Each structure stands twice: as C-alpha cells, then as structure tokens.
Amino acid sequence: MTESDKLARNRYFMMAGVNILAVAGAVFGLILAGRATSWELTVLGGAILLSGLYVMAVVPRAMARRWRTPPAQ
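Only a predicted model underlies this, so the values are computations on that prediction, with no experimental measurement involved. (Residues numbered from 1 in each chain as written. Predicted model: local features only at pLDDT ≥ 70, side-chain atom pairs only at ≥ 80, totals over all residues. Heavy atoms only, no water.)

Let's shift gears to the overall build of the protein chain. Within the protein chain, the regular secondary structure consists of 2 helices and 0 strands. Relative to a compact globule of 73 residues, whose C-alpha radius of gyration would be 11 Å, the protein chain shows 17 Å and is clearly more extended. Oriented by its inertia axes, the alpha-carbon framework of the protein chain measures out at about 60 × 25 × 10 Å. Taking all 73 residues of the protein chain together, 11% fall into the buried category. (Helix = DSSP H or I, 4+ residues; strand = E, 2+ residues; numbered from the N terminus. Rg over C-alpha atoms; globule rule 2.2 N^0.38 Å. Buried < 20%, exposed > 50% of the residue type's maximum accessible area, 1.4 Å probe, protein only.)

What follows is the structure in structure tokens.
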C-alpha cells in the first residue's frame, strides 16, 4: 500500500468517524427530547438533534472538498 493510499484510507475513516459521532449525537438529542419532563429539555434535545443532522450533512462534504486532489493542468 502506497503512502497516498494510506492517506486516503485514513481520511475516509475520519469522515466515517465524523458521521458516526454525528449520528450518536442526533440519537442522544432524540432520546433527550423524548424523555424530557420540561420544555427546556425538549428544546435542548431538539437543538442537539438538529445540530447532529447538520454535522452529518455538512462536515464530511467540507472535509472531502478540502482534501480533493487538485486538477492536473
């Protein structure tokens, strides 16, 4: 395995790890909102859920864009 293959593999694992952590956060927010006894906890759970969904949608794409191979000229 070449050095560039190892770098690509590690970057892929980092993007997958970010997705896994974002899903865990979204599930935590959903559980928190579902078991809340006050409206403050419901709002907090909803905010955590929405931030987890946002991270899942934006961060891996931004990482891929940053690490994209520049076009050959």
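Moving on from the model shown.
Look at helix α1 (residues 3-34) against helix α2 (residues 39-67): their axes get within 7 Å of each other, and the N-to-C directions meet at 170 degrees. Taken together, the axis directions place α1 and α2 in an arrangement best described as roughly antiparallel. When grouped by side-chain class, the residues that make up the contact of α1 with α2 number 21 nonpolar, 7 polar and 1 charged. (Axes fitted to C-alpha atoms, helices over the stretch in contact; angles between N-to-C directions. Parallel < 35°, antiparallel > 145°, perpendicular 65-115°, else oblique. Nonpolar A, V, L, I, M, F, W, Y, C, P; charged D, E, K, R; others polar.)

A word on α2. One turn of an α-helix holds 3.6 residues; hence residues three or four places apart share an orientation. The end-to-end C-alpha distance of α2 is 42 Å, a good match for the 42 Å that 29 residues give at a rise of 1.5 Å each. Along α2, the largest kink reaches about 30 degrees and is centred on V55. G45, G52, P60 and M63 are the residues of α2 that are buried. The elements touched by buried residues of α2 are α1. (Expected span 1.5 Å × (residues − 1). Bend = angle between axes of the 7 residues up to and from the residue. Contact = heavy atoms within 4.5 Å.)

Before going further, it helps to spend a moment on α1. Spanning 32 residues, α1 covers 47 Å between terminal C-alpha atoms, matching the ideal 46 Å at 1.5 Å per step. Listed as buried for α1 are M15, A22, A26 and G29. The inward-facing, buried residues of α1 abut α2.

Attention now moves to the environment of L41. Looking at where L41 falls in the secondary structure, it is placed in helix α2. Measuring from C-alpha to C-alpha, the distance between L41 and V58 comes to 25 Å, with 17 residues separating the pair along the chain. Excluding residues that lie within four positions of it along the chain, L41 makes contacts with L32, A33 and A36.

In this section: the environment of A57. Looking at the element boundaries, A57 is found in helix α2. Spatially, the C-alpha atom of A57 lies 8.7 Å from that of N19, the residues being 38 residues apart in sequence.

To continue, consider the environment of T42. For T42, the location among the structural elements is in helix α2. Here T42 falls in the partly exposed class, since its relative accessible area comes to 37%. Sequence separation of T42 and L32 is 10 residues, and the distance between their C-alpha atoms is 6.9 Å. With sequence-adjacent residues up to four places away left out, T42 is seen in contact with A33 and A36. For T42, the side chain forms a polar contact with the main-chain oxygen of S38, separated by 3.1 Å. (Polar contact = N/O pair within 3.5 Å; in protein donor to acceptor, adjacent residues only side chain to side chain.)

By themselves, these figures tell us nothing about what the structure is for.
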